[in-house]
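Here is what each chain is made of, one letter per residue.
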Amino acid sequence: MTIRSILLHPDPRLKKRADPVTEVTDDLRAAAADMLETMYDAPGVGLAGPQIGLMKRILVMDCIKDPEVAPRPMVLLNPVVSWASEATSVHEEGCLSIPEHFADVTRPAEVRVRWLALDGTEQEEHFAGLWATCVQHEIDHLNGRLFIDYLTPLKRQLITRKMEKLKRERARL
Ligand code: NI
């Protein structure tokens, strides 16, 4: 397994819609393992294909934060929200592609998601709490949408300018 480098906002690949997975290949299985490794290393609770430049509808997540509880690494291919609650919740979100910036985002509090698993089976699950926020945030990535797109244009521009500066500084190192 390899830790991949995570693309930083702004990057055109983070604004693009990712393509459906049509076949589960060994390459895709290897990419999923790399994505989990990269996510745990960061550390983060979710990572989507486009964030490592893989323009496929694949995301990984594990929202178990309690070290006393067994990890639950999940890989979702072609995930679709099949139901969303009317009730919303507000979570302070961050993103591995926008490090050190956090903001409150309002989303449906609970969702049902359908996806294809790596073994080729169809799965469906009800998510609540952090899992619901995370899976919606990651599905957004597959549609070229970032959490800062929910903020006012002014806040979004402020974060984007700071990220441009950070990328320039990193490029100089
Ligand atoms: Ni993100």
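This text follows the structure it describes.
Overview of the structure. Here the structure is a predicted model, which is why all the values come from computation and not from measurement.

A word on the layout of surface pockets
Empty space within the largest pocket amounts to approximately 590 Å³. Pro43, Gly44, Val45, Gly46 and Gly94 are, among the 23 residues lining the largest pocket, the residues nearest its centre. If you list the elements that add at least two residues to the lining of the largest pocket, you get strand S4 (88-93) and helix H2 (129-142). Considering every element that reaches the lining of the largest pocket, the biggest residue donor is H2, with 5 residues. Residue composition of the lining of the largest pocket, grouped by class: 10 nonpolar, 7 polar and 6 charged.

Quick word on the pairing of strand S7 (residues 122-128)
Looking along a regular strand, one sees side chains alternate from face to face of the sheet. Here strand S6 (residues 110-116) runs beside S7; their pairing, made up of 7 bridges, is antiparallel. Among the inter-strand pairings, valine 111 is bridged to a residue of S7, identified as phenylalanine 127. Connecting the antiparallel pair S6 and S7 is a turn made up of 5 residues, with glycine 120 showing a positive phi of about 90°.

Observations regarding the packing of aromatic side chains
As enumerated under the stated definition, the model contains 2 aromatic pairs in all. Seen from their ring centres, phenylalanine 127 and tryptophan 131 are 6.2 Å apart, and the 20° between their planes marks the pair as stacked. Clustering of aromatic rings is evident, with ring pairs tying together Trp115, Phe127 and Trp131. Here the basic side chain of arginine 72 rests over the ring of tryptophan 131, its NZ or CZ set 5.7 Å away from the ring centre.

A closer look at the environment of arginine 112
Relative to the helices and strands, arginine 112 is located in strand S6. On the basis of relative accessibility, which here comes to 30%, the residue arginine 112 falls in the partly exposed class. A C-alpha to C-alpha distance of 8.4 Å links arginine 112 and valine 80, two positions 32 residues apart in sequence. When neighbours within four sequence positions are excluded, arginine 112 is seen to be in contact with Val80, Val81, Ser82, Trp83, Glu124, Glu125 and His126. Here glutamate 124 takes part through its side chain, which lies 3.5 Å from a polar atom of the side chain of arginine 112.

Considerations on the coordination of the nickel ion
Surrounding the nickel ion are the protein donor atoms Cys95 (SG), His137 (NE2) and His141 (NE2), at 2.1 to 2.3 Å. Between consecutive donors of the nickel ion, the numbers of intervening residues give the motif C-x41-H-x3-H. Of this pair, cysteine 95 sits in the loop between S4 and strand S5 (103-108) while histidine 137 is found in helix H2, placing the two residues 42 residues apart along the sequence. For cysteine 95, a relative accessible area of 10% puts it in the buried group.

Analysis parameters
- All residue numbers refer to position in the chain's written sequence, counted from 1.
- It should be noted that, the model being predicted, local features are given only for residues of pLDDT at least 70 and side-chain atom pairs only at 80 or more, the latter also being counted only at that level, while totals for whole chains, interfaces and linings use all residues.
- Hydrogens and water molecules were not included; the side-chain quantities draw on all heavy atoms of the structure.
- Using only the protein atoms, space was sampled on a 1 Å grid; points where a 1.4 Å probe fits but cannot get out form cavities, open sets with protein on both sides within 12 Å along at least five of seven lines form pockets, and lining residues are those with an atom within 4 Å of a point.
- Grid points are joined across faces, edges and corners, and a volume is the space filled by probe spheres set on the points.
- Each helix is a run of H or I in the DSSP string that is no shorter than four residues. Each strand is a run of E no shorter than two, and both are numbered from the N terminus.
- All amino acids are sorted into three groups, where Ala, Val, Leu, Ile, Met, Phe, Trp, Tyr, Cys and Pro are nonpolar, Asp, Glu, Lys and Arg are charged, and the leftover types, Gly among them, are polar.
- Strands pair, by our definition, only if DSSP identifies at least two bridges between them.
- Put simply, two rings from Phe, Tyr or Trp (the six-membered ring, in Trp's case) pair if the centres are within 6.5 Å, and we call them stacked under 30 degrees between planes, edge-to-face over 60, tilted for the rest.
- Two thresholds decide whether a charge sits over a ring: the Lys NZ or Arg CZ must be within 6 Å of the ring centre and within 35 degrees of the ring normal.
- Exposure is judged per residue with a 1.4 Å probe applied to protein chains only, and the accessible area is read against the type maximum: over 50% gives exposed, under 20% gives buried, and values in between give partly exposed.
- Any pair of residues with heavy atoms lying within 4.5 Å of one another is described as a contacting pair.
- As used in this structure description, the phrase polar contact means that two N or O atoms lie within 3.5 Å; if the pair is within protein, one of them must be able to donate a hydrogen and the other to accept it, and residues adjacent in sequence are counted only when both atoms belong to side chains.
- The donor set covers N, O and S atoms within 2.8 Å of the metal, switching to 3.2 Å for Na, K and Ca, and it leaves out water, so a site may look short of donors.

That is the geometry; function is a separate question.
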